Amino acid sequence: MAVPMRKLSKRRTRMRASHHAIQPKNLRDCARCGTPGPSHRVCDKCGHYAGREIVAKED
């Protein structure tokens with residue numbers, strides 16, 4: 001079984017972990033109603049995607 005030759009320093013450990021931060025979500029505005037939401041998903045408010053009504057919603 002592999003065993004590390006030396007103890008990793010705090011600096012090296014923290015440098016590796018610096019990429020694990022939570023990233024903000026990329027939101028785009030709906031083309032129909034303008035509410036922000038994730039891309040490539042049906043709009044929660046109006047139910048449209050790619051110019052078509054996918055989910056029937058009452059306006």
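The structure under discussion appears in the preceding block.
Computed from a predicted model, the values in this text were never measured in an experiment.

> Before we go on, may I ask you to explain the overall build of the protein chain in this structure?
For the protein chain, the helix and strand inventory stands at 1 helix and 4 strands. Relative to its length of 59 residues, the protein chain is extended, with a C-alpha radius of gyration of 22 Å against a globular reference of 10 Å. A burial count over the protein chain gives 12% of its 59 residues as buried. Long-range pairs, those at least 24 residues apart, make up 2% of the contacts in the protein chain with a sequence separation of at least 6. Total accessible area on the protein chain is roughly 6100 Å²; 54% of this is exposed by carbon and sulfur atoms. Across the protein chain, 14 positive and 5 negative side-chain charges occur, with their mean positions spaced 29 Å apart.

> Is there a simple way to think about a nonpolar patch on the surface in this case?
Together, Val42, Ile54 and Val55 make up a nonpolar patch on the protein surface, roughly 210 Å² of accessible area in all. As for its position among the elements, Val42 is in the loop between strand E2 (36-38) and strand E3 (48-49). For Val42, a relative accessible area of 32% gives the class partly exposed.

> Is there a simple way to explain the state of the cysteines in this structure?
Applying the stated rule across the entire model yields 0 disulfides. With no disulfide partner, Cys30 has as its closest neighbouring cysteine sulfur the one in Cys33, 3.7 Å distant. The thiol sulfur of Cys43 is not disulfide-bonded, and the nearest other cysteine sulfur, from Cys33, lies at 3.6 Å. Assessed through its relative accessible area of 7%, Cys43 is described here as buried.

> Where do I start with the side chain of His48 in this structure?
Mapped onto the elements, His48 comes out in strand E3. Judged by its relative accessible area of 17%, His48 is buried. In this structure the side chain of His48 is engaged in a polar contact, spanning 3.3 Å, whose partner is the backbone oxygen of Cys46. Not counting the four nearest positions on each side in its chain, His48 is found in contact with Arg32, Val42, Cys43, Glu53 and Ile54.

Each value, and the rule that gives it
Residues numbered from 1 in each chain as written. Predicted model: local features only at pLDDT ≥ 70, side-chain atom pairs only at ≥ 80, totals over all residues. Heavy atoms only, no water. Helix = DSSP H or I, 4+ residues; strand = E, 2+ residues; numbered from the N terminus. Rg over C-alpha atoms; globule rule 2.2 N^0.38 Å. Buried < 20%, exposed > 50% of the residue type's maximum accessible area, 1.4 Å probe, protein only. Contact = heavy atoms within 4.5 Å. Areas by Shrake-Rupley, 256 points an atom, 1.4 Å probe, with all protein chains shown as cover. Lys, Arg positive; Asp, Glu negative; His and termini not counted. Charge placed at Lys NZ, Arg CZ, Asp CG, Glu CD. Patch = residues over 30% accessible without salt bridge, like charges linked within 9 Å, V, L, I, M, F, W, Y side chains within 5 Å. Salt bridge = Lys/Arg side-chain N within 4 Å of Asp/Glu carboxyl O. Disulfide = S-S within 2.5 Å. Polar contact = N/O pair within 3.5 Å; in protein donor to acceptor, adjacent residues only side chain to side chain.

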